[in-house]
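For reference, the chains in residue letters:
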Amino acid sequence: MNLAIVQNVLARLLRVRRLIGLSLLTSMPAGVLFFVTFGNSREDIRSIYTALNVTVLMVIALPVTALVLASAGFGEERRNQTLPFLIVKPVSRWVIASSVTVTAIVATLVVGGIGIGAGWIVAAVALGDATVGLTPTVALVISAIGYAAVFVPLGLLIGRPTLVGLAFVFVWESILGSFVQGVSTFSVFRTALSAFGDVGRLTADGREVLDELLGNVVPGVGGAVAKVAVLFTLSVALTTWVLRTLDLARE
């Protein structure tokens with residue numbers, strides 16, 4: 001990994017306007033939770049907090065955030081026609097690929113961490129439980145690695161990756177993943193959800209909903225980590241190969 005590449009790409013990905021916009025997106029559960037804490041029991045608040053993390057944060061906010069950030073890793077370089085200047089440097093393609101992928105993960109963790117941190121504060125005050133935010137944090141780490149592994153090469157291969165990325169998130173993961181067992185097994189959302197279900201303290205109703213969403217995916221942090229580690233490795237290998245085969249004269 002090349003620190004100079006990481007610093008340069010991270011500064012580009014986390015430009016102020018983008019950081020603010022995506023942070024507002026990931027902070028939506030915190031805003032909703034703040035208003036529902038009034039007049040609800042602690043058990044209800046905990047259930048609502050869990051539901052918001054799953055339905056808003058993990059299904060919408062984190063995938064969209066990762067799509068915007070990770071696809072821009074190489075995508076903006078291609079659109080600005082600066083990619084040749086990056087890959088002609090005396091740095092191996094593997095180092096470039098791994099550096100950009102790691103940077104996309106870090107950027108997603110930063111933005112997602114802002115949203116989760118806001119929700120953590122609200123939930124901790126309402127529930128009197130300072131550890132309540134650990135579960136979504138675990139899911140954030142798994143999601144950041146998994147989605148970056150998917151969207152970094154997508155941004156390199158496709159000129160306009162947003163539509164394809166949204167189709168992956170909302171069609172492949174949300175719709176097909178609910179009905180096709182093979183798809184659910186390789187779903188980033190369900191991989192993160194399996195870690196969420198393994199470490200989270202869920203009510204009986206929450207556990208039932210979780211099992212329904214997971215389908216044939218077994219809850220477990222270890223399995224989730226193994227899956228995204230393999231996905232990360234394959235992603236870096238694919239990105240490295242694409243960088244080696246690019247026709248610089250056409251970039």
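Owing to the predicted nature of the structure, the values given are computational and were not obtained by experimental measurement. (Residues numbered from 1 in each chain as written. Predicted model: local features only at pLDDT ≥ 70, side-chain atom pairs only at ≥ 80, totals over all residues. Heavy atoms only, no water.)

Engineer: Explanation requested: the overall build of the protein in the structure shown.
Structural biologist: Within the protein, the regular secondary structure consists of 12 helices and zero strands. Ordering the α and β elements of the protein from the N terminus gives α-α-α-α-α-α-α-α-α-α-α-α. Counting across all 251 residues of the protein, residues that qualify as buried make up 48%. Partitioning the contacts of the protein with sequence separation of at least 6, the portion at a separation of at least 24 is 77%. Surface exposure of the protein reaches about 11,800 Å², of which carbon and sulfur atoms provide 68%. (Helix = DSSP H or I, 4+ residues; strand = E, 2+ residues; numbered from the N terminus. Buried < 20%, exposed > 50% of the residue type's maximum accessible area, 1.4 Å probe, protein only. Contact = heavy atoms within 4.5 Å. Areas by Shrake-Rupley, 256 points an atom, 1.4 Å probe, with all protein chains shown as cover.)

Engineer: What exactly am I supposed to notice about the nonpolar core here?
Structural biologist: Among soluble globular proteins, nonpolar side chains are generally buried collectively. Grouped together as the largest cluster of nonpolar side chains are 46 residues, with contacts concentrated most on Met58, Phe74 and Phe151. Those elements giving two or more residues to this core turn out to be helix H1 (3-13), helix H4 (42-79), helix H6 (93-127), helix H7 (134-157), helix H8 (161-179), helix H10 (188-199) and helix H12 (221-245). Ranked by residues supplied to this core, first place goes to H7 with nine residues. Discounting residues that sit within four places of it in the chain, methionine 58 has contacts with Asn53, Pro63, Ala139, Tyr147, Phe189, Ala192, Leu193 and Phe196. Tyr49, Leu52, Val56 and Leu127 belong to the second largest nonpolar core, which has 10 residues in total. (Core = buried A, V, L, I, M, F, W, Y, C linked by side-chain atoms within 4.5 Å.)

Engineer: How should helix H3 (residues 28-36) be read in this particular structure?
Structural biologist: Helical geometry note: an α-helix holds 3.6 residues per turn, so side chains three or four residues apart project in the same direction. Those residues of H3 lying buried are Pro29, Ala30 and Leu33. The buried residues of H3 occupy an angular sector of 95 degrees when projected down its axis, which confines them to one face. Among the structural elements, helix H2 (16-26), H4 and H6 are those in contact with the buried residues of H3. (Arc of directions from axis to C-beta.)

Engineer: So what exactly am I meant to see when it comes to a nonpolar patch on the surface here?
Structural biologist: The grouping of Val16, Ile20 and Leu24 at the surface amounts to a nonpolar patch, some 320 Å² of accessible area in total. Relative to the assigned elements, isoleucine 20 resides in helix H2. (Patch = residues over 30% accessible without salt bridge, like charges linked within 9 Å, V, L, I, M, F, W, Y side chains within 5 Å. Salt bridge = Lys/Arg side-chain N within 4 Å of Asp/Glu carboxyl O.)

Engineer: Is there a simple way to think about the confidence of the model for the protein in this case?
Structural biologist: The predicted coordinates ought not to be read in detail in places where the model reports low pLDDT. Residues with a pLDDT of 70 or more make up 83% of the protein, whose mean pLDDT is 84. No element of the protein has a lower mean pLDDT than helix H9 (residues 181-185), which averages 61, and none a higher one than H2, which averages 94. (pLDDT = per-residue confidence, 0-100.)

Engineer: Explain H1 to me, please; I cannot follow it from the model alone.
Structural biologist: Every buried residue of H1 is listed here: Ile5, Val6, Val9, Arg12 and Leu13. Down the axis of H1, the sector holding all buried residues measures 135 degrees, keeping them to one side. Opposite the buried face of H1, at more than 90 degrees from it, the exposed residues are Leu3, Gln7 and Ala11.

Engineer: Explanation requested: the packing of aromatic side chains in the structure shown.
Structural biologist: Geometrically, a pair of aromatic rings is defined through the distance of the ring centres and the angle of the planes. Following the criterion strictly, the structure yields four aromatic pairs and no others. Ring centres 5.5 Å apart and planes at 90 degrees place the aromatic pair phenylalanine 34 and phenylalanine 38 in the edge-to-face group. Residue phenylalanine 38 is classed as exposed on the basis of its relative accessible area, which comes to 56%. A ring pair is formed by tyrosine 147 and phenylalanine 151, whose centres lie 5.7 Å apart and whose planes are at 5 degrees; its orientation type is stacked. In this pair, tyrosine 147 and phenylalanine 151 are both assigned in helix H7, four residues apart and thus about one turn of the helix distant. Tyrosine 147 gets classed as buried once you look at its relative accessible area, which sits at 1%. Linked through ring pairs, Phe34, Phe35 and Phe38 together constitute an aromatic cluster. (Phe/Tyr/Trp six-rings, centres within 6.5 Å; stacked < 30°, edge-to-face > 60°.)

Engineer: Could you clarify how one ought to interpret the packing of H4 against H10 in this entry?
Structural biologist: The axes of two packed helices give the description: the angle between them and the distance between them. It is the contact of H4 with H10, at a shortest axis distance of 11 Å, that shows an interaxial angle of 155 degrees. Between H4 and H10, the interaxial angle falls into the category roughly antiparallel. Of the two elements, H4 crosses H10, and the hand of that crossing is right-handed. Of H10, the residues touching H4 (which contributes Thr50, Asn53, Val54, Met58 and Val59) are Phe189, Ala192, Leu193 and Phe196. Considered class by class, the residues forming the contact of H4 with H10 number seven nonpolar, two polar and no charged. (Axes fitted to C-alpha atoms, helices over the stretch in contact; angles between N-to-C directions. Parallel < 35°, antiparallel > 145°, perpendicular 65-115°, else oblique. Left-handed = near helix turned anticlockwise from the far one by under 90°. Nonpolar A, V, L, I, M, F, W, Y, C, P; charged D, E, K, R; others polar.)

Engineer: What's the story with the environment of glutamate 43 in this structure? I'm lost.
Structural biologist: As for its placement among the helices and strands, glutamate 43 is situated in helix H4. Sequence separation of glutamate 43 and leucine 127 is 84 residues, and the distance between their C-alpha atoms is 8.5 Å.

Engineer: How do you make sense of the environment of threonine 37 when you look at a structure like this?
Structural biologist: On the secondary structure map, threonine 37 appears in the loop between H3 and H4. Each C-alpha atom of the pair threonine 37 and valine 125 lies 9.7 Å from the other, and the pair is 88 residues apart in sequence. In this view, threonine 37 contacts Ile45, Val122 and Ala126; residues no more than four positions away in its chain are not counted.

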